[in-house]
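# Residue-level structural notes
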Amino acid sequence: ELKVEQNPLFLSMQEGKNYTIYCNYSTTSDRLYWYRQDPGKSLESLFVLLSNGAVKQEGRLMASLDTKARLSTLHITAAVHDLSATYFCAVNYGGSQGNLIFGKGTKLSVKP
Amino acid sequence: NAGVTQTPKFQVLKTGQSMTLQCAQDMNHNSMYWYRQDPGMGLRLIYYSASEGTTDKGEVPNGYNVSRLNKREFSLRLESAAPSQTSVYFCASSTGLNSPLHFGNGTRLTVT
């Protein structure tokens, strides 16, 4: 059974600082997704990572995937308040659309 | 461009009552999903439909049934609601494995 662990689960940071959210998973996979959820809202897709070494960037967020280490990172550069949200990674295994497991989420709070 | 539309947005049921959550997408996606989100649990897959005419169980299917009415619509039915089914329910759709999920705005269900 695939386990997906995110850490930290809660992150309070100051504007302008850098930080990294980690997503570890327990079974071989080459499909990993990052989503953002604002309080009381739906989930929005941020990145789709489909191969070892994949790196994608959008604004102050950069995601990477190391399938050998079974690890994805979401790096935040020079955080701003607008990035405050909960971030989820989700990992697919076995090539079935039913096998998509979400992490528990990292609640990020960026303070001035 | 509506995307994924869920109805209702809020619902309160008494234990033992039944109801159907409706979901429709206008993006011509093949795959549709139902998730539930509980505090501290991330998202868990209830049922999914990889294509029109097929449905499969996810991680937590007990107490639920689904119908893929056509390519656009995927409904979730609770036959006899229980307090443990109090949750936020999200419908999602995608073109396939290598594509992200597009989520609806969610249905907040309370069972008393």
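Now for a look at the structure at hand. (Residues numbered from 1 in each chain as written. Chains lettered and ligands numbered in written order. Predicted model: local features only at pLDDT ≥ 70, side-chain atom pairs only at ≥ 80, totals over all residues. Heavy atoms only, no water.)

## Examining the nonpolar core
Residues and elements named next belong to chain A. As a reminder of what qualifies: Only buried Ala, Val, Leu, Ile, Met, Phe, Trp, Tyr and Cys residues count toward a nonpolar core, and they belong to the same one when joined by side-chain atoms within 4.5 Å. Accessible area is worked out with a 1.4 Å probe on protein chains only. A residue is then buried under 20% of its type maximum, exposed over 50%, and partly exposed in between. Here a strand is any run of E in DSSP of at least two residues, a helix any run of H or I of at least four, and the numbering for each starts at the N terminus. Between two residues, a contact is recorded if the distance between any of their heavy atoms is within 4.5 Å.
Core analysis: the biggest nonpolar cluster contains 26 residues, and Val 4, Leu 32, Trp 34, Leu 74, Ile 76, Tyr 87 and Leu 108 have the highest contact counts within it. For this core, the secondary structure elements donating two or more residues are strand S2 (10–14), strand S3 (19–25), strand S4 (31–37), strand S5 (43–49), strand S7 (61–66), strand S8 (71–76), strand S9 (85–92) and strand S11 (106–111). Element by element, the count of residues in this core is highest for S9, at four residues. Those residues in contact with Ile 76, other than ones at most four positions away along the chain, are Met 13, Lys 17, Asn 18, Tyr 19, Ile 21, Arg 60, Leu 61, Leu 83 and Leu 108.

## So, the sheet that holds strand S1 (residues 4–7) of chain B
Residue and element names in this part refer to chain B. Stated formally: Strands qualify as paired when DSSP identifies two bridges or more between them. Lines fitted to C-alpha atoms define the axes here, with helix axes fitted over just the stretch in contact, and angles between the N-to-C directions of these axes take values from 0 to 180 degrees.
What the four strands build is an open sheet, ordered S1-S3-S8-S7; its pairing is antiparallel. Two strands lie at the open edges of the sheet, namely S1 and strand S7 (64–68), each paired on one side alone. Across the sheet, the axes of successive neighbouring strands diverge by a mean angle of 15°, strand direction being ignored. The pairing of S7 with strand S8 (residues 74–78) spans five bridges and is classified as antiparallel. Bridge pairing links Val 66 to Leu 76 in S8.

## A word on the interface of chain B and chain A
We count it as follows: When two parts are put together, the accessible area they lose, computed with a 1.4 Å probe and summed over both, is reported as buried area. The salt bridge criterion pairs a side-chain nitrogen of Lys or Arg with a carboxyl oxygen of Asp or Glu, the two atoms within 4 Å. What qualifies as a polar contact is a pair of N or O atoms within 3.5 Å, subject to a donor-acceptor requirement within protein and to the restriction that residues adjacent in sequence count only when both atoms come from side chains. Classes in brief: Ala, Val, Leu, Ile, Met, Phe, Trp, Tyr, Cys and Pro nonpolar; Asp, Glu, Lys and Arg charged; the others, Gly included, polar.
At the junction of the two partners, chain B supplies 23 residues and chain A supplies 21 residues. A buried area of about 1800 Å², summed over both sides, lies between chain B and chain A, and 56% of it is on carbon and sulfur atoms. The interface formed by chain B and chain A includes zero salt bridges. Inspection of the chain B/chain A interface yields four residue pairs in polar contact (both at pLDDT 80 or more). The residue makeup of the side of chain B that touches chain A, split by class, is twelve nonpolar, ten polar and one charged.

## Describing unusual backbone geometry
Residue A:Pro8 is bonded to the preceding A:Asn7 through a cis peptide linkage, with omega at 0°. Of note, the bond from B:Thr7 into B:Pro8 is cis; its omega dihedral lies within 30 degrees of zero at -10°. Residue position: B:Pro8 is located in the loop between S1 and strand S2 (10–13). In this structure, A:Arg70 takes a positive phi of about 55° despite not being glycine. Tracing the backbone through its elements, the reader meets A:Arg70 in the loop between S7 and S8. Phi angles above zero are rare outside glycine, and A:Ala78 is one such case at about 50°.

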